[in-house]
Amino acid sequence: MENKTKIIVTMGPSIEKYEVLLSLVKEGARGFRINFSHGDPSQWYNYINNLKSVEKELSIPLGIIGDLQGPNIRIGQLINQINLKKDDIVQFFYGNKSETNDIPLPYEEFFKTVERGDVIQLADGAIQLIVLETSPKSFIAKTIAGGVITSRKSISIKDKDIEIPYVTEKDERDIEFACNNDFSHLMASFVESKDNIFQLKELLKKKCNKQLNILAKIETKRGVYNVEEILKVADGIVVARGDLGTHFPMETLPTIQKDLISKSIVQGKPSIVATQLLSSMLNSPIPTRSEIVDIYNAVQESANALMLTNETSIGNYPIDAVRWLKKVIIEAEKNSAIVYPVKPIENSLAHRFALGISEFSRQLNAKISVYTKSGLTAQNISLYRPYGIIYAGVPDMHTARKLSIIWGVEPYVLAADSYENGLEKIRKVLISEGKLSKGDTLIETYRFKEGEVHTIKLVTV
């Protein structure tokens, strides 16, 4: 049985090998995130080459997703990892690299902002320190909640903003890398307004000859409060629970997650839930009961995709993590309580048509086949959560990669001289692959335009 809620994994040392990537795709992973905050272009090239080889071997399009660092402040390079215990005293200093156990911080604005009594947060708030003394280019802090600090960990001051440009020079370089290496999506970090998205779109126009979908990571208070305006201009959102947990009381996160997913549904945009879905599986082949419930609830709330981070990038059981994620998704999808719109999101022919096809699918227990040049018809039908998988024929790999992480959509790259020819080709492929078997019902369709005669075919195999 196939999962409709998509699985996205994060690249890293644990899964960089071709054989591991092959197994992950066979287990159900369809999106692969490359975090530009870690590694360098040579590592990223290796990831992409292996992904494309897997894609070619299995004939399965894979979303290649670049995660921009954004205006995120990170510590510099440490000589060794530092294990902080409660009440340990540590010094932070202005610099890129440390030869001692002092912690380098290459952002001058941080030292202008920090004050005695401030709470410093590292590693998504898991590690916390209180500032005891400050000077123009250093400060001393005492550990409140300890943990292991490694190079390039994110750092923030609780309840304070540090003013740095939204699109950094590093982001510009990474965007250029994404444009030149067939990425399908960009995750924009720390999005707080629609202006942040506009800035990225303008930059993409200059650097890219293909359109990349922008997924806005919602991880600050301003991002949550402005999510409706952000959704109007972004191609989707990421519910980034790690950073949200440093800005809001943790007991409020379930409500925030549910609200963000709900608002994305209302605006017809996909949502991705990320961070600590299966964090126990960093070192265990079996998840906790609470993680299972968390995943189940995210599926029921109608998240478009679920994303693993450390579990696959540095975890000891990446394939098991994807296998467990898929098992829980399939179980949750059996339940009819999944949220979906019951009236058109927009009062347009395209959305009324998409809702009608989805309802038709539920009434007939039917799978859906569409031929779409831009991918929009398949994505619109997906919004209304039909009964069956949406098999989408598209003319090029870039469109297929973008559709690969859309709920319930299984893309195929097929050249066709007409929509009808495209649908015929999809049907033949599905029968040859065993995706359609005797007795299955298939709805065949394509984009419905005003003023055109349009035929919807109902095929019983």
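Rules of the game
- Residues numbered from 1 in each chain as written.
- Predicted model: local features only at pLDDT ≥ 70, side-chain atom pairs only at ≥ 80, totals over all residues.
- Heavy atoms only, no water.
- Core = buried A, V, L, I, M, F, W, Y, C linked by side-chain atoms within 4.5 Å.
- Buried < 20%, exposed > 50% of the residue type's maximum accessible area, 1.4 Å probe, protein only.
- Helix = DSSP H or I, 4+ residues; strand = E, 2+ residues; numbered from the N terminus.
- Contact = heavy atoms within 4.5 Å.
- 1 Å grid on protein atoms, 1.4 Å probe; cavity = no way out; pocket = protein on both sides within 12 Å on 5 of 7 lines; lining within 4 Å.
- Points joined across faces, edges and corners; volume = space filled by probe spheres on them.
- Nonpolar A, V, L, I, M, F, W, Y, C, P; charged D, E, K, R; others polar.
- Patch = residues over 30% accessible without salt bridge, like charges linked within 9 Å, V, L, I, M, F, W, Y side chains within 5 Å.
- Areas by Shrake-Rupley, 256 points an atom, 1.4 Å probe, with all protein chains shown as cover.
- Salt bridge = Lys/Arg side-chain N within 4 Å of Asp/Glu carboxyl O.
- Axes fitted to C-alpha atoms, helices over the stretch in contact; angles between N-to-C directions.
- Parallel < 35°, antiparallel > 145°, perpendicular 65-115°, else oblique.
- Left-handed = near helix turned anticlockwise from the far one by under 90°.
- Phe/Tyr/Trp six-rings, centres within 6.5 Å; stacked < 30°, edge-to-face > 60°.
- Disulfide = S-S within 2.5 Å.
- Pairing = 2+ DSSP bridges.
- Domains from an automatic or database assignment.

Counting 72 residues, the largest nonpolar core has Phe32, Phe36, Phe183 and Leu306 as the members making the most contacts within it. Of all the elements, helix H12 (residues 318-334) adds the most residues to this core, at 6 residues. Phe183 has contacts with Ile34, Phe36, Ile48, Ile64, Ile65, Gly66, Phe177, Ala178, Leu212 and His398, leaving out every residue within four places of it along the chain.

This part covers empty space enclosed by the protein. Counted according to the given criterion, the structure contains 4 cavities of 30 Å³ or more. Empty space within the largest cavity amounts to approximately 70 Å³. Every residue along the wall of the largest cavity is listed here: Ser264, Ile265, Lys269, Pro270, Ser271, Ser302, Asn304, Pro341, Ile345, Leu383 and Arg385. Class assignment for the residues of the lining of the largest cavity results in 5 nonpolar, 4 polar and 2 charged.

Attention shifts here to unusual backbone geometry. Despite not being glycine, Asp182 shows a phi value in the positive range, around 65°. Taking relative accessible area as the criterion, Asp182 reaches 30% and is therefore assigned partly exposed. Of note in the backbone geometry, Ser302 takes a positive phi value of approximately 80° without being a glycine. Within the secondary structure layout, Ser302 lies in the loop between helix H10 (289-300) and strand E16 (305-307).

There is a patch of nonpolar side chains on the surface, built from Phe360, Leu364, Ile456 and Leu458 and spanning about 310 Å² of accessible area. Here Leu458 lies in strand E21 (residues 457-460). We classify Leu458 as partly exposed; its relative accessible area is 47%.

Remark: H10 packs on H12, axes separated minimally by 9 Å, with the N-to-C direction vectors making an angle of 50°. One way to sum up the angle between H10 and H12 is to call them oblique. Once H10 is placed against H12, the crossing between them reads as right-handed. Contacts between H10 and H12 involve Ile292, Ile295, Tyr296, Val299 and Gln300 from the first element and Trp324, Leu325, Val328, Ile329, Glu331, Ala332 and Glu333 from the second. Of the residues belonging to the contact of H10 with H12, the class tally is 9 nonpolar, 1 polar and 2 charged.

Okay, the packing of aromatic side chains next. Inspection of every chain in the model, using the stated rule, returns 15 aromatic pairs. Ring geometry for Phe36 versus Phe183: centroids 5.7 Å apart, planes at 35°, classification tilted. Highlighted residues: Phe36 in the loop between strand E2 (29-35) and helix H2 (41-58) and Phe183 in the loop between helix H4 (169-180) and strand E12 (185-188), separated in sequence by 147 residues. A residue is classified by how much of its surface remains accessible, and Phe36, at 0% relative accessible area, is buried. Centroid distance Tyr225 to Phe248: 6.3 Å. Interplanar angle 85°. Geometry classified as edge-to-face.

Under the definition given, this model contains 1 disulfide. Disulfide pairing places Cys179 opposite Cys208 at an S-S distance of 1.8 Å. Taking the sign of the torsion about the S-S bond as the criterion, the disulfide between Cys179 and Cys208, at about -95°, is left-handed. Of this pair, Cys179 sits in helix H4 while Cys208 sits in the loop between helix H5 (194-207) and strand E13 (213-218), and the two are 29 residues apart along the sequence. This pair shows no difference in class: Cys179 is buried, exactly as Cys208 is.

Moving on to the sheet that holds strand E7 (residues 119-122). Taken in spatial order, the 6 strands make up an open sheet running E6-E5-E9-E8-E7-E11, and their pairing is mixed. Of all the strands in the sheet, the pair left with one neighbour each is strand E6 (103-105) and strand E11 (155-157). In this sheet, adjacent strand axes meet at a mean angle of 35° when their direction is disregarded. Where E7 lies against E11, 3 bridges are found, and the strand directions are antiparallel. Looking at the pairing, Ile120 lines up with Ile157 of E11.

Glancing now at the domain arrangement of the protein chain. In terms of domains, the protein chain is made up of domain 1 (6-70 + 167-334), domain 2 (74-157) and domain 3 (349-460). Taken over C-alpha atoms, the centre of domain 2 sits 52 Å from the centre of domain 3.

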